[in-house]
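# A closer look at the structure
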Amino acid sequence: MAVSNPSIDNVFNDQNIYANLQALKNCSIKDRIKRINKIASYINEPKNVGKITSALSKDLGKSEQEVTLSEIYPLLLTIKTVTKNLKRWSQDEYLPTPLTMIGLTSSIKYEPKGHVLIIGPWNYPFMLAINPLIYAIAAGNAVIVKPSEIAANTSSLVKEMISEIFPTNEVTVIEGGVEETTHLLTKKFNHIYFTGSPNVGKVIMEASAKHLCSVTLELGGKSPVIVDETTNIKKTATKIAWAKTLNCGQTCIAPDYILVKKEVEKQFTEQYKKAINQLLDPNNKGINNSEFFGNIINTKNYDRLIELLEDANAKGAHVSDYSLANRDNKFIPPVVVTKVNNNMSIMEEEIFGPIIPIIPFENINEVITQINNLPKPLALYIMSKKRKTINFLINNTSAGNTMVNELMMNVAHPDLPFGGVNNSGIGKSNGRYSFINFSNERGLMKRKWGTHKFIYPPFNKTIYKLLKIIARV
Ligand code: NAD
């Protein structure tokens, strides 16, 4: 049962006034772009870059370079894509009308859904709160943003930024955790855009069902990487080491586990460990002193990851040395786990940290069984030079996204749909897909001339015979 929260109620009610939603709906494309550009101006201001970097460094120990690469740069790219394409995306789209409907014209009108709620996660807490907001504004909605309370410094910065650049009836940030989100979920929004875990995704979907509110669920899961003997092991190990340690492994599309051809398992494991050192500790100062490797978000997640390692250890896995792990600093070094089996918790839940299970396979069918025994992943990566293997893996599995011989870069493609499938997500984002998430595609038909008298009784037998012929498959 949600407790009452007058401040949330007031913000919701202020935004949810017919005249306000109408004004935003009728806001010209030029004005929408102006509003979006306010975000760009804020982000581009050196003083604000300092604030963003400092908040993310406090929350996640991110380096300045990582903040630029994974939190600021993607937002600027989004703004570029949206401002360049918004006019085209939002224009009425005319479709050919079937001959049987002669005299009518058909089009799609993109209207805003109206009042939307964006709920963000903690792992890219700035980017994943602001990125959907840009699209929600582009589509002409009033927006409430609820950033993750776990990345507390970033959450308050997002609040400060939004209250500086937008009136509350257009965009407001509500800070808080489960209690505040639960209260927000009782409200009759027109769309909820949620980024987070599959478990909370179910809570969101259940709450939205009460109002038949549409949802986009950007979730997570166990994303596998398949490495076969034809790939360049050294290059592959480096790519995986980068993807697994970016943001300390706390990335929704990070490789979760590796399925490696048995004959190259040893070579791959060695190269992976080497690559970690080359990327993060090139001067041998100790990985715990690396400026390019962050920390675990909080002690709750630190404890969860240590429990995964202890569970694997107790069930017979070989766990590489993690004696540098330090609860006070929320630091866990990159860990490799071998001799893994499916009864270990590490193979049952999304890891979301710098730990990588490596599982050998002899036959490609084992890979299919392993992947299909788990919920459909958000990402599936194939590292192979064999076209037959690549096609076999694609054709016999399902995933939100797949990359071949590369990792994670697909998320930055402005026109490629990004998102999960079932347990890993519902709905696709990026570019036009995100614009459509926040828009109602209103089908519109207009009579230009004539009437379709034959659909009214009394029916004309000859015309019906003709229609039957036309409709025959
Ligand atoms: P989370 O589900 O715990 O929290 C996400 C949001 O939901 C937060 O704002 C939180 O306050 C709120 N929340 C938490 N519990 C709630 C409850 N019981 N009722 C209502 N609201 C609640 O997720 P997280 O830990 O912040 O993020 C990690 C997860 O997000 C991982 O599974 C990761 O894979 C996924 N993720 C997915 C994407 C994507 O684009 N698909 C991106 C980033 C993260």
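Residues numbered from 1 in each chain as written. Predicted model: local features only at pLDDT ≥ 70, side-chain atom pairs only at ≥ 80, totals over all residues. Heavy atoms only, no water.

Judged by nonpolar contacts, the single largest core of 116 residues is most densely connected at Ile-39, Phe-126, Ile-130, Leu-133, Phe-268 and Val-337. Sorting elements by how many residues they give to this core places helix α6 (residues 127–138) first, with ten residues. Each of domain 1 (6–219 + 424–443) and domain 2 (224–417) contributes no fewer than three residues to this core. Leaving out residues up to four positions away in the same chain, Val-337 has contacts with Leu-309, Ala-312, Ala-317, His-318, Val-319, Ile-346, Ile-355, Ile-356, Pro-357 and Ile-358. Membership of the second largest hydrophobic core comes to 18 residues, among which are Ile-144, Phe-189, Cys-213 and Leu-219. (Core = buried A, V, L, I, M, F, W, Y, C linked by side-chain atoms within 4.5 Å. Buried < 20%, exposed > 50% of the residue type's maximum accessible area, 1.4 Å probe, protein only. Helix = DSSP H or I, 4+ residues; strand = E, 2+ residues; numbered from the N terminus. Domains from an automatic or database assignment. Contact = heavy atoms within 4.5 Å.)

Looking now at the sheet that holds strand β4 (residues 142–146). One open sheet holds the six strands; their spatial order is β5-β4-β3-β6-β7-β15, and the pairing between them is mixed. Strands at the two margins of the open sheet, each flanked by one partner only, are β5 (171–173) and β15 (425–426). The strands touched by helix α9 (residues 198–209) are β3 (115–119), β6 (191–195), β7 (214–218) and β15; relative to β7, the strand with the most contacts, the crossing angle is about 175°. (Pairing = 2+ DSSP bridges. Axes fitted to C-alpha atoms, helices over the stretch in contact; angles between N-to-C directions.)

Here we come to the site of the ligand. Within the structure, the ligand sits among 26 residues, and Gly-120, Glu-149, Ser-197, Leu-219 and Glu-350 are positioned closest to it. For the ligand, an oxygen atom lies 2.8 Å from a polar atom in the side chain of Lys-146. In this structure, an oxygen atom belonging to the ligand sits 2.6 Å away from a side-chain N or O atom of Glu-149. Taking 840 Å² as the accessible area of the ligand by itself, protein coverage stands at 88%. Residue assignment for the shell around the ligand shows that the elements contributing at least two residues are α8 (178–184), β6 and α9. The element contributing the most residues to the shell around the ligand is α9, with three residues. Its residues placed into classes, the shell around the ligand shows 14 nonpolar, eight polar and four charged. Two domains each provide a minimum of three residues to the shell around the ligand, namely domain 1 (6–219 + 424–443) and domain 2 (224–417). (Near = heavy atom within 4 Å. Polar contact = N/O pair within 3.5 Å; in protein donor to acceptor, adjacent residues only side chain to side chain. Areas by Shrake-Rupley, 256 points an atom, 1.4 Å probe, with all protein chains shown as cover. Nonpolar A, V, L, I, M, F, W, Y, C, P; charged D, E, K, R; others polar.)

Before going further, it helps to examine a nonpolar patch on the surface. A cluster of nonpolar side chains, contributed by Ile-455, Tyr-456, Phe-459, Ile-463 and Tyr-464, occupies part of the molecular surface with about 480 Å² of accessible area. Take Ile-455: it is sitting in the loop between β16 (439–447) and α16 (461–471). (Patch = residues over 30% accessible without salt bridge, like charges linked within 9 Å, V, L, I, M, F, W, Y side chains within 5 Å. Salt bridge = Lys/Arg side-chain N within 4 Å of Asp/Glu carboxyl O.)

The next subject is the packing of aromatic side chains. The tally for this structure, following the rule as stated, stands at nine aromatic pairs. Seen in terms of ring centroids, Phe-12 and Phe-189 are 5.0 Å apart; in terms of plane orientation they differ by 85°. Their pairing is edge-to-face. Of this pair, Phe-12 sits in helix α1 (residues 6–15) while Phe-189 sits in the loop between α8 and β6, and the two are 177 residues apart along the sequence. Each member of the pair Phe-12 and Phe-189 is classed as buried. Judged by centre distance (5.8 Å) and plane angle (90°), the rings of Phe-293 and Phe-331 are edge-to-face. You can see Phe-293 sitting in the loop between α11 (265–280) and α12 (299–314) and its partner Phe-331 sitting in the loop between β10 (318–319) and β11 (335–338), a full 38 residues away along the chain. Given a relative accessible area of 6%, Phe-293 falls into the buried group. Taking relative accessible area as the criterion, Phe-331 reaches 7% and is therefore assigned buried. By the ring-pair criterion, three or more aromatic residues cluster together here, those being Trp-89, Tyr-110, Tyr-135 and Phe-435. (Phe/Tyr/Trp six-rings, centres within 6.5 Å; stacked < 30°, edge-to-face > 60°.)

Our next topic: the domain arrangement of the protein. Segmenting the protein into domains produces domain 1 (6–219 + 424–443) and domain 2 (224–417). Opposite the 20 residues of domain 1 that make contact, domain 2 presents 24 residues. Buried area between domain 1 and domain 2, both sides added, is near 1,900 Å², and the carbon and sulfur share of it is 51%. Among the residues of domain 1 in contact with domain 2, Trp-122, Ser-424 and Asn-430 are the three that bury the most area, contributing 25% of the side total. Applying the counting criterion to the domain 1 and domain 2 interface returns zero salt bridges. (Buried area = accessible area lost by both parts, 1.4 Å probe.)

Taking strand neighbours across the sheet as the criterion, the seven strands line up as β10-β11-β12-β9-β8-β13-β14 in an open arrangement whose pairing is mixed. Strands with a single pairing partner mark the edges of an open sheet, and in this sheet they are β10 and β14 (401–404). Across the sheet, α11 is in contact with β8 (224–227), β9 (257–261), β11 and β12 (355–361); its angle to β12 comes to roughly 165°.

Turning next to the pattern of salt bridges. Following the criterion strictly, the structure yields 19 salt bridges and no others. Between Glu-111 and Lys-25 there is a salt bridge, and its shortest N-O distance comes to 3.5 Å. Of this pair, Glu-111 sits in strand β2 (residues 104–112) while Lys-25 sits in helix α2 (residues 18–25), placing them 86 residues apart in sequence. Accessibility expressed as a relative area gives 28% for Lys-25, which makes it partly exposed. Between Arg-304 and Glu-349 there is a salt bridge; the shortest N-O distance is 3.4 Å. Here Arg-304, found in helix α12, pairs with Glu-349, found in the loop between β11 and β12; they are 45 residues apart in sequence, far enough to count as distant. Accessibility expressed as a relative area gives 31% for Glu-349, which makes it partly exposed. When salt bridges with common partners are traced through the structure, they connect Glu-229, Lys-261, Glu-263 and Lys-386 into a single cluster.

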